[in-house]
Amino acid sequence: MRPAFLLLLLVLAPAVHADEWWAWSSLEFWRDDIRRAWVFLGNRLDADDGAYVQIASPRFRQALRPWLDGGIGLSLLSIENTRTNDRFTQFRPELEINPHFDLTPHLAIELRNRMEWRWNEEESLTTHRLRHRLQIAYTFPQPLGPLTRVYANNEWLTDLHRMQRTENRLIPLSLTFKTGTKSDLDLFYMILSSRAQGTWGHESIIGTWWRVRF
């Protein structure tokens, strides 16, 4: 248990200064040998800026090759400023093509490539974007107590109207804990970088991702 406790401290230490809190959930309700379907739910709260985002997204993914998956999603978002009480909804169809490779029996690498078409409430033009995420994950041959996996990833987002990278999401460390026979919990620290008027700003995020398989 000691290695798991030390890794947990590494993730929790930056949370003292975190600017935002993100909470994700995945509820997988169907799976076979090459396909699976689930619902992704998310909450994102920035207490300093008053931004509160909720998302619900049914998703489907299928293996196209042993090393390649394709997926679709339909996301509905509620985006609110809690200080001004302004709120709008966003509808977002999504398409993914995701290559992945096992470098060793326990070390895997994955590149998620997502296209998002975004329509905001009462707006004729919205910002569609591309998202690319590179992830490397190590699953322990034997769990360290409840700790089963560690991973790191980086995602960069491109505004297709401006043809410019506008956001970067770096997770230098995330821990996966087994919470039941059909559930896992990730605890992660993220550095969120956003471009506004040509200048990059950076925020610290602490987040969780609870995954349940029915």
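This text gives an overview of the structure that appears in the document.

The rules behind each value
Residues numbered from 1 in each chain as written. Predicted model: local features only at pLDDT ≥ 70, side-chain atom pairs only at ≥ 80, totals over all residues. Heavy atoms only, no water. Buried < 20%, exposed > 50% of the residue type's maximum accessible area, 1.4 Å probe, protein only. Helix = DSSP H or I, 4+ residues; strand = E, 2+ residues; numbered from the N terminus. Phe/Tyr/Trp six-rings, centres within 6.5 Å; stacked < 30°, edge-to-face > 60°. Pairing = 2+ DSSP bridges. Polar contact = N/O pair within 3.5 Å; in protein donor to acceptor, adjacent residues only side chain to side chain. Contact = heavy atoms within 4.5 Å. Patch = residues over 30% accessible without salt bridge, like charges linked within 9 Å, V, L, I, M, F, W, Y side chains within 5 Å. Areas by Shrake-Rupley, 256 points an atom, 1.4 Å probe, with all protein chains shown as cover. Salt bridge = Lys/Arg side-chain N within 4 Å of Asp/Glu carboxyl O. Core = buried A, V, L, I, M, F, W, Y, C linked by side-chain atoms within 4.5 Å.

Not every positive phi belongs to a glycine, and Glu 122 is a case in point at roughly 65 degrees. Taking relative accessible area as the criterion, Glu 122 reaches 79% and is therefore assigned exposed. Phi is positive for Met 163, close to 50 degrees, though the residue is something other than glycine. Assignment of secondary structure puts Met 163 in the loop between β9 (147-159) and β10 (164-180). According to the relative accessible area criterion, Met 163 is exposed, its value standing at 63%.

The next point concerns the packing of aromatic side chains. Tallied over the entire structure, the rule returns 7 aromatic pairs. With a centroid separation of 6.2 Å and 10 degrees between ring planes, the pair formed by Trp 67 and Phe 101 is classed as stacked. Here Trp 67, found in the loop between β3 (51-65) and β4 (68-81), pairs with Phe 101, found in strand β5 (residues 86-102); they are 34 residues apart in sequence, far enough to count as distant. A residue is classified by how much of its surface remains accessible, and Phe 101, at 42% relative accessible area, is partly exposed.

Moving on, we come to the pairing of strand β6 (residues 107-116). For a regular strand, side-chain orientation follows a simple rule: the groups alternate between the two sheet faces. Bridge count between β5 and β6: 7 bridges; the pairing is antiparallel. Counterpart to Leu 95 in the pairing with β6 is Met 115. Here β5 hands over to β6 after 4 residues, the two strands then running antiparallel side by side. Direction of pairing for β6 relative to strand β8 (residues 129-144): antiparallel, over a ladder of 10 bridges. In the strand pairing of β8, Leu 111 is matched with Leu 134.

The next subject is the side chain of Arg 114. Within the element layout of this structure, Arg 114 appears in strand β6. Owing to a relative accessible area of 8%, Arg 114 belongs among the buried residues under this scheme. A distance of 2.5 Å separates polar atoms of two side chains, one belonging to Arg 114 and the other to Glu 96. Those residues in contact with Arg 114 that lie beyond four places of it in its chain are Arg 59, Glu 94, Leu 95, Glu 96, Arg 129, Leu 130 and Arg 131.

Turning our eyes to something else, we now look at a nonpolar patch on the surface. The grouping of Ile 72, Leu 74, Leu 76, Phe 91, Leu 95, Trp 117 and Trp 119 at the surface amounts to a nonpolar patch, some 660 Å² of accessible area in total. Looking at the nonpolar patch, the elements that each hand over two or more residues are β4 and β5. As for its position among the elements, Leu 74 is in strand β4. Using a relative accessible area of 44% as the deciding quantity, one classes Leu 74 as partly exposed.

Here we take up the nonpolar core. Soluble globular proteins: nonpolar side chains tend toward being buried together. Membership of the largest hydrophobic core comes to 16 residues, with the highest contact counts inside it found for Trp 22, Trp 24, Phe 40 and Met 190. At the level of secondary structure, the elements contributing two or more residues to this core comprise β1 (20-31), β2 (35-46), β3, β4, β11 (183-196) and β12 (199-213). For this core, the leading source of residues is β11, giving 3 residues. When neighbours within four sequence positions are excluded, Trp 24 is seen to be in contact with Phe 40, Leu 41, Gly 42, Phe 188, Met 190, Thr 208, Trp 209 and Trp 210. The next biggest cluster of nonpolar side chains, apart from the first, holds 7 residues, and it includes Leu 175, Phe 177, Leu 187 and Ile 206.

The next thing to look at is the pairing of β11. Note that β10 and β11 share 11 bridges and pair antiparallel. Directly across from Lys 178, in β11, lies its bridge partner Asp 184. Note that β11 and β12 share 14 bridges and pair antiparallel. Directly across from Arg 195, in β12, lies its bridge partner Trp 200. What sits between β11 and β12 in their antiparallel hairpin is a turn of 2 residues, with Gln 197 showing a positive phi close to 55 degrees.

Let's shift gears to the side chain of Glu 80. Tracing the backbone through its elements, the reader meets Glu 80 in strand β4. A relative accessible area of 15% places Glu 80 in the buried class. Here Arg 87 takes part through its side chain, which lies 3.1 Å from a polar atom of the side chain of Glu 80. When neighbours within four sequence positions are excluded, Glu 80 is seen to be in contact with Gly 50, Ala 51, Tyr 52, Asp 86 and Arg 87.

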